[in-house]
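So you can see what is in the structure, the chains are spelled out below.
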Amino acid sequence: MVPLSFAGHEFLTRPDGALFWPARRALLVADLHFEKASWYAAGGQMLPPYDSIDTLRQLDAVVRALEVEQVWCLGDSFHDAAGCTRLSDAAQRLLRDLTQRTRWTWITGNHDAGMIDHCGGRIVEEAQVDGLILRHEALAGETQPELSGHYHPKLRVSVRGRRVSRRCFVATPTKLILPAFGALTGGLDAAHPEILRAVGRGAEALVATERKLLRFPIAA
Amino acid sequence: MLAVNAPSLSAPIDPPLTAPLRDWFAARGWQPRRHQLDMLAAARAGQHSLLVAPTGAGKTLAGFLPSLDDLIAHGGAEGLHTLYVSPLKALAVDVQRNLLTPIEEMGLSLRVETRSGDTPSDRKARQRTRPPHILLTTPESLSLLLSYPDSDQLFETLKTVVIDEVHAFATQKRGDLLSLSLARLQRLAPDMRRVALSATVADPDGYRAWLAPYGDIDSVAKVVGEKGADPDIAILLPQDRVPWSGHSGRYAAAQVMAEIETHQTTIVFCNTRSLAELIFQDLWKANEMQLPIGVHHGSLAREARRKVEAAMADGKLRALVATASLDLGVDWGNVDCVIQMGAPKGSSRLLQRIGRANHRLDEPSEAVVVPGNRFEYLEARAALDAVEAGELDPDIFRPGGLDVLAQHLMACACAAPFDAAEMLEEVRGALPYSALDDDTFERVLNFIADGGYALRAYDKFKRLTKDTDGLWRVSHPKFVTQHRLNAGIIVDASTLDVRFKNGRKLGTVEEYFAASLTPGDTFFFAGMSLEVERMDAIDLVVRATARPARIPSYSGARMPLSTNLARRVRGFLHDPEQWARFPDDVREWLEVQRYRSILPGPDQLLVETFPREGRHYMVAYSFEGWNAHQALGMLITRRMEGQGLKPLGFVANDYALACYSLDPVTDPASLFSPDILEHEFVEWVQGSALLKRAFREVAVIGGLVERQHPGKRKSGRQVTFSTDLIYDVLRRYEPDHLLLRAAWEDARARMTDVGRLGDLLDRAGDTMVHRDLPRVSPLAVPVLVLIGRENVAQGSADDELLEQAEVLAAEAMARD
């Protein structure tokens, strides 16, 4: 985990894309997309039915390791509004356990708006915490510092003939976009025009490695 | 050319032709060739047949002749009579000449139609209700035809299926698919005859077995065409010295241009797309007479390729620089010279490329090989000797892909419900699946039905269900539509479109190549020097520039040196009597090597170690081809890491592998032990991009995921899933899943040449000769000069690479 200062607050970034807020013992994760595989299976693409349990186990491990007290999910936590009803028994148990052990907040996104069931936790459209706005999708005209998800940013670079692709944060002085945490969530290039439109000029892609936070300017 | 233009012989034609055919030949003053008549005899005897003949022997007509004969004899009865399957979509030219023209000239009222992905849907529908006598199609389109419920009626009248260019694809996945389709067709039309047309191949019996139902080789008549005139092949040497390094023969531009000037039309074959671009640039600079020349490769936009092909057909070009995209089929009568830039890699491939020139059997084809370096000179020499000796590269027939089987079974289910036991029996009639076991077959069915996972989560989403009669059927019509949209065997790498700012598309480049570019970089493409303006997820926007371009590197698996050429090159090293044939500098190179180190015997594995500029080098001359050497390099450097030798990297070519490290290798035998294949190899392949690439392919072909259709672009909002992530999840939760097995088999067999790697390691213990030298040996130079484009050692390297990239990016973006 490596430190990141944003809008006057100190955070720790993790290579898996989660953001830890030590002052509040809070964990922020974006775009879990639970039951994405089964959503596709219903349409005939039989993706492995292990994405939810995999994502939950990873999340559970982080919550235990960092003694997390509150969890903020920044939207698209379920791949669709009915996603929770399709969770396997094991996944439901683990999720209920997590939402009981921590103060758990679901911020809704475009995929899970109007979710039917959620195995505990409270549901909000957006939230304000210590002067930071938490929402699913970055708002272009927002003047306050804002944390969001939605875009699944990913950095791709090629060095000495080898291509490296990693989940990354996209940051400006007032906006921080988290990468997707879900096991089956693909990525959008950090320099994609849609991301640049959302965050404006002067953005950086931040890649957390085990040792340090790497910063890559994003060419507009 | 259709037939021998010879004075009519006194001997009667045997077997006798039907009158219209006989008169047609006579009217042209032609005599049917022996093999054409042999094909007719096989047909009349009801036998399947394989025709092996060189280009220009009138193979296509030989394939159609029995069908025309039979259709004439039976008065052109309604119904589909003959199915012609070609690996190419562009069938028009050859078929016009060999089928439509004769039909027209004989005044036969036969309908001939084509069917491929480009055929309009109303015509496709009509073809099923009112079929032509002869239908020309591809393996993929045939498989789709078999997915229609009325396919049993369509094919019940079928008498013959003719497979063209069978040597080009029988051993690949498209061959697997066609083989399964043949088994299906045989069930729908039990008397159907199978006919295959092949270029000259090393092992015709292998193809007979592939063609035969249930591998019954005796049911297939072998017909051999007459041998053409021996080709006239020369090796082009540079005016000064044979270069130490390089693969391209770029030094020879002026000499190649001189060949172009003295011939009517020349095809210049290059082994890679990037080389084709570079050679085109070089030739253009040397083109003082301003002759019209063009470039053709698979990355160019389809319109650009069509334009070049049309210009060639009209005789408007004097030379075409091309890649393997021209290896098959496209026949231009006016080509009279073929030039191979760089080493040919195999004698069969060289012969087939040479066959593009001069489609007249009785005149020698003219060809020139331009070796890129000293080893390539030896390889070119070896190829010429092999061609002269009639020695061809072996084709390896492998068990069929399980992904292809899944696609075929889904197609069958779309046509009609089937009984599993009957279907298994039918599938085993296809040679690639003859050893398929019951359990694997069951797993493939379950995979199609619901993914076949141990966690039975998708019972309510099943695509296939077993009904009360025990028949497997598609559960909903939407899955039939889905299958037809996604079926196919060729899975393209993800690509970016190369465009000008005004939107005009020049072609595509593979994503990993685009990822190595940043705005301001220049590269050659479509015969132009282009500067990158910007790129996003789907487009690489460029403008033309006068600045010199950096070398594009389209990498990926390469065509490796064939085993028979490798054997011949090893033979040269050990046999100084042969050296008299070589140019002075190549001979001198070998002589100094013999003086300073040794020249290994044909069965010896020479390993040299020496220090140089603070590093220690180990070079192994294993001659197992680029792909096997790449894999070996990864494994050996890992092992060196384990032995604390501090490896820095490795480089490889088709002939040798060089590893370099901070500490010297003193016991090379410990690095080359066969157990490396059990531990390090498995670990490495599982973590490598190879397996992910293989997984993506089997996931698409097997129908797990839908293919990304060009035009239906990934928009910013609709981010889909990546097969790399599916692979990761599946490996963690169900490592013995059918698709992982299929991907693993592909990666092993088709991507890493593991067979050759295994052979090498098995004999390394007994055959290794280690020479510890005070300095670099002459033989080591061609591989050592590759350093600079090095592969870094494994380990935590990804993070280090990212850190380097950060420093570079900071430097590049600094605004001071």
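Residues numbered from 1 in each chain as written. Chains lettered and ligands numbered in written order. Predicted model: local features only at pLDDT ≥ 70, side-chain atom pairs only at ≥ 80, totals over all residues.

Per an unreviewed UniProt entry, chain B is named ATP-dependent Lhr-like helicase, and its organism is Stakelama pacifica. Looking at the Sequence similarities (unreviewed entry) heading of the UniProt record, one finds this comment for chain B: "Belongs to the Lhr helicase family. Lhr-Core subfamily." (UniProt positions renumbered as here; feature names shortened; annotations may be inferred.)

An unreviewed UniProt entry lists chain A under the name Putative phosphoesterase, with Stakelama pacifica given as the organism.

Asker: I keep staring at the overall build of chain B and nothing clicks. Help me out?
Answerer: When its secondary structure is counted, chain B shows 30 helices and 27 strands. Sorting the 816 residues of chain B into buried and exposed places 47% on the buried side. Looking at chain B alone, contacts between residues at least 24 apart form 75% of all its contacts between residues at least 6 apart. (Helix = DSSP H or I, 4+ residues; strand = E, 2+ residues; numbered from the N terminus. Buried ≥ 20, exposed ≤ 12 C-beta atoms within 10 Å, placed from the backbone. Contact = placed C-beta atoms within 7 Å.)

Asker: I would appreciate a short explanation of the overall build of chain A in the present structure.
Answerer: Helix and strand content of chain A: four helices and 17 strands. Since a compact globule built from 220 residues should have a radius of gyration of about 17 Å, the 17 Å found for chain A is in line with a globular shape. When the 220 residues of chain A are sorted by exposure, 53% land in the buried category. In chain A, once contacts between residues fewer than 6 apart in sequence are set aside, the share between residues at least 24 apart is 66%. (Rg over C-alpha atoms; globule rule 2.2 N^0.38 Å.)

Asker: Which parts of the structure should I look at to understand the sheet that holds strand E3 (residues 19-21) of chain A?
Answerer: Hydrogen bonds between backbone groups are what pair the strands of a sheet, and the pairing can be parallel or antiparallel. Residue and element names in this part refer to chain A. Strand order across the open sheet formed by seven strands is E1-E2-E3-E4-E5-E6-E7, with mixed pairing between neighbours. The sheet is open, and its two borders are formed by strand E1 (2-6) and strand E7 (122-124), each paired with just one other strand. Across this sheet, the average inter-strand angle for adjacent strands is 25°, counted without regard to direction. Here four bridges tie strand E4 (residues 26-29) to strand E5 (residues 70-73), and the two strands are oriented parallel to one another. Looking at the pairing, leucine 27 lines up with valine 71 of E5. (Pairing = 2+ DSSP bridges. Axes fitted to C-alpha atoms, helices over the stretch in contact; angles between N-to-C directions.)

Asker: Could you clarify how one ought to interpret the confidence of the model for chain B in this entry?
Answerer: For residues with low pLDDT, the predicted coordinates do not support detailed interpretation. Residues and elements named next belong to chain B. When pLDDT is averaged along chain B, the result is 85, and 87% of the positions lie at 70 or above. Strand E27 (residues 791-792) is the least confidently modelled element of chain B, averaging 43 in pLDDT, while helix H15 (residues 402-415) averages 98, the highest of any element. Segment residues 551-557 is flagged for pLDDT under 50; beyond a separation of four residues in sequence, or across chains, it makes 17 contacts in the model. Between residues 789-797, whose pLDDT stays under 50, and residues either more than four places distant or in other chains, the model counts 19 contacts. (pLDDT = per-residue confidence, 0-100.)

Asker: What exactly am I supposed to notice about the packing of helix H10 (residues 253-262) of chain B against helix H11 (residues 273-286) of chain B here?
Answerer: How two helices sit against one another is set out by the angle between their axes and by the gap between those axes. Residue and element names in this part refer to chain B. Contact geometry for H10 and H11: axes closest at 9 Å, N-to-C directions at 70°. Classified by the angle between their axes, H10 and H11 sit roughly perpendicular to one another. Residue-level contacts link Ala253, Ala254, Val256 and Met257 of H10 to Asp282, Leu283 and Ala286 of H11. In the contact of H10 with H11, the residues fall into six nonpolar, no polar and one charged. (Parallel < 35°, antiparallel > 145°, perpendicular 65-115°, else oblique. Nonpolar A, V, L, I, M, F, W, Y, C, P; charged D, E, K, R; others polar.)

Asker: Before we go on, may I ask you to explain H11(B) in this structure?
Answerer: Each full turn of the α-helix corresponds to 3.6 residues, which orients residues three or four apart in the same direction. All names here are of chain B. In a regular helix each residue adds 1.5 Å, so 14 residues correspond to 20 Å; H11 covers 20 Å between its end C-alpha atoms and thus fits that length. A large share of H11 lies buried, amounting to eleven of its 14 residues. The set of residues buried in H11 consists of Arg273, Ser274, Leu275, Ala276, Glu277, Leu278, Ile279, Phe280, Gln281, Asp282 and Leu283. Summarising the contacts, the buried residues of H11 are in contact with H10, strand E9 (266-269), strand E10 (293-296), strand E11 (319-322), strand E12 (337-341) and strand E19 (522-525). (Expected span 1.5 Å × (residues − 1).)

Asker: What is the right way to look at the sheet that holds strand E14 (residues 418-419) of chain B in this model?
Answerer: All names here are of chain B. Taken in spatial order, the three strands make up an open sheet running E14-E16-E15, and their pairing is antiparallel. Both edges of this open sheet fall to E14 and strand E15 (464-466), since each of them pairs with a single strand only. Sheet topology note: the E14/strand E16 (residues 471-474) ladder contains two bridges and is antiparallel. Counted as the bridge partner of aspartate 419 is leucine 471 from E16.

Asker: What's the story with unusual backbone geometry in this structure? I'm lost.
Answerer: In the Ramachandran plot, Asp130(A) falls in the positive-phi region, its phi being about 50° despite a non-glycine side chain. Structurally, Asp130(A) is set in the loop between strand E8 (127-129) and strand E9 (132-134). You can call Asp130(A) exposed: it has 12 C-beta atoms within 10 Å. Located in the positive-phi region is Glu165(B), a residue other than glycine, with phi close to 50°. Summarising the element assignment, Glu165(B) is placed in the loop between strand E5 (160-163) and helix H8 (173-188).

Asker: Help me understand the pairing of strand E24 (residues 647-652) of chain B, please; the structure alone is not making it clear to me.
Answerer: Consecutive residues of a regular strand have side chains that alternate between opposite faces of the sheet. All names here are of chain B. Across five bridges, the pairing between E24 and strand E25 (residues 657-661) is antiparallel. Bridging from a neighbouring strand, valine 651 pairs with alanine 658 of E25. Linking E24 to E25, which pair antiparallel, is a turn of four residues.

Asker: Any chance you could explain the packing of helix H22 (residues 626-642) of chain B against helix H28 (residues 754-767) of chain B here in plain terms?
Answerer: Residue and element names in this part refer to chain B. Interaxial distance between H22 and H28 falls to 8 Å at its minimum, and their mutual angle equals 60°. In this view, H22 runs oblique relative to H28, as classed from their interaxial angle. Between H22 and H28 lies a crossing of right-handed hand. Facing H22, whose interface residues are Ala628, Ala631 and Leu632, H28 presents Arg756, Leu757 and Leu760. Tallied by class, the residues present in the contact of H22 with H28 amount to five nonpolar, no polar and one charged. (Left-handed = near helix turned anticlockwise from the far one by under 90°.)

Asker: Explanation requested: the environment of Leu738(B) in the structure shown.
Answerer: Residue and element names in this part refer to chain B. The residue leucine 738 is located in helix H27 (residues 738-751) in this model. When the 22 C-beta atoms within 10 Å are taken as the criterion, leucine 738 is described as buried. Remark: the alpha-carbon pair of leucine 738 and tyrosine 453, spanning 285 residues in sequence, is separated by 9.1 Å. Those residues in contact with leucine 738 that lie beyond four places of it in its chain are Leu402, Arg443, Val444, Phe447 and Gly452.

Asker: Is there a simple way to explain the pairing of E12(B) in this structure?
Answerer: All names here are of chain B. For E12, the tally of buried residues reaches five of five residues, placing the bulk of the element in the interior. Across the two faces of E12 the burial is the same, with Cys337, Ile339 and Met341 and Val338 and Gln340 all buried. Relative to E12, E9 runs parallel, the two being bridged by four bridges. Along E12, the bridge assignment pairs isoleucine 267 with valine 338. As judged from the four bridges shared by E12 and strand E13 (residues 366-370), these two strands associate in the parallel manner. For isoleucine 339, the partnering residue across the bridge sits in E13 and is valine 368.

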